[in-house]
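# Geometric and topological summary
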Amino acid sequence: MLLSLLKKRRSIRKYQPRPIEKEKIDTLMECVLRSPSSRNLNPWQYIFVTDPGLLAKLGKSKEHGSAFLKGAALAVVILGDPERCDVWIEDCSIAATILQLVAEEMGLGSCWVQIRLRKHGNNLSAEEYIRDLLQIPDNLVVASVIGMGYPDETKSGHNQETLQYDKIFLNFFGQR
Ligand SMILES: Cc1cc2nc3c(=O)[nH]c(=O)nc-3n(C[C@H](O)[C@H](O)[C@H](O)COP(=O)(O)O)c2cc1C
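Now for a quick tour of the structure. (Residues numbered from 1 in each chain as written. Predicted model: local features only at pLDDT ≥ 70, side-chain atom pairs only at ≥ 80, totals over all residues. Heavy atoms only, no water.)

It is worth spelling out the sheet that holds strand 4 (residues 141-149) at this point. Pairing is antiparallel across the open sheet formed by four strands, whose spatial order is 1-2-4-3. Pairing within the sheet leaves two strands with one partner each, and these edge strands are strand 1 (44-49) and strand 3 (109-114). Here the average twist between neighbouring strands, direction ignored, is 20°. With respect to the sheet, helix 4 (residues 88-105) is in contact with strand 1, strand 2 (74-80), strand 3 and strand 4, its orientation differing from that of strand 4 by roughly 5°. (Pairing = 2+ DSSP bridges. Helix = DSSP H or I, 4+ residues; strand = E, 2+ residues; numbered from the N terminus. Axes fitted to C-alpha atoms, helices over the stretch in contact; angles between N-to-C directions. Contact = heavy atoms within 4.5 Å.)

As structure tokens, this is what we get:
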């Protein structure tokens, strides 16, 4: 059930050195293509990266927050097409979230790596670095990368008491 999945969901950045079965990768591919999108324009494309050399290089996309991709079994690079739809960011984000939840349901751990608006170094964006690495055409934007694999760390879900219910209002802003 989705609620129990959400209650235990956490970002997982350490993975067992074990490949993900082809059937599971096929399921992940199917699920991202079933993702909803504005006007059904589907302004996304995906690169499923399993090559260890490429995963190690993806791990160097940013100074902080991408290194764990080196140990992932799979990284899904999510590409948006701004010419196809103005709300491609929303569409790509929904696909990324669906991907993470389906991965979780299949016993995999995953974590988002933000690429859009992030730097690789002083003179290069993280997006330009990945574009060059994976031969991505200029009309597509690298939105994010979702790293995943069989978990090699355990984390408890967020406690009910830590949920920020003060951010939720009824009918009017500020009204409880
Ligand atoms: C839009 C977005 C961008 C994120 N970027 C990164 C990132 O670049 N590197 C990383 O290690 N985690 C990244 N995360 C994961 C967050 O750090 C994580 O979701 C947050 O700390 C809450 O932890 P939890 O997912 O375990 O509940 C990102 C998450 C989101 C939703």
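Once you've had a look at it, read on.
What follows concerns the pattern of salt bridges. This structure, assessed with the given rule, holds five salt bridges. Between K8 and E104 there is a salt bridge; the shortest N-O distance is 3.6 Å. Taken together, the residues span a long stretch of sequence, with K8 in helix 1 (residues 2-8) and E104 in helix 4 at a distance of 96 residues. What makes E104 buried here is its relative accessible area of 12%. R34 serves as the salt-bridge partner of E30, at 2.8 Å between the closest nitrogen and oxygen. Classification of E30 as partly exposed rests on a relative accessible area of 42%. (Salt bridge = Lys/Arg side-chain N within 4 Å of Asp/Glu carboxyl O. Buried < 20%, exposed > 50% of the residue type's maximum accessible area, 1.4 Å probe, protein only.)

On to the site of the ligand, then. Close to the ligand lie R9, R10, S11, R13, K62, G65, F68, C111, W112, V113, Q114 and H158, which account for all nearby residues. Measuring from a nitrogen atom of the ligand, one finds a backbone N or O atom of W112 at 3.2 Å. Separating an oxygen atom of the ligand from a backbone N or O atom of Q114 is a distance of 3.0 Å. When its residues are assigned to classes, the shell around the ligand shows four nonpolar, four polar and four charged. (Near = heavy atom within 4 Å. Polar contact = N/O pair within 3.5 Å; in protein donor to acceptor, adjacent residues only side chain to side chain. Nonpolar A, V, L, I, M, F, W, Y, C, P; charged D, E, K, R; others polar.)

Now for unusual backbone geometry. Despite not being glycine, N42 shows a phi value in the positive range, around 45°. Its location among the elements puts N42 in the loop between helix 2 (22-33) and strand 1. A positive phi is found at L117, a non-glycine position, where the angle reads about 70°. Locating L117 in the fold gives a position in the loop between strand 3 and helix 5 (126-134).

Residue placement: S37 occurs in the loop between helix 2 and strand 1. On the accessibility criterion, S37 (15% relative accessible area) is buried. A distance of 3.3 Å separates the side chain of S37 from the backbone nitrogen of L41, its partner in a polar contact. Looking at S37, its side chain comes within polar contact range of the side chain of N42, at 2.8 Å. S37 has contacts with N42, P43, W44 and D91, leaving out every residue within four places of it along the chain.

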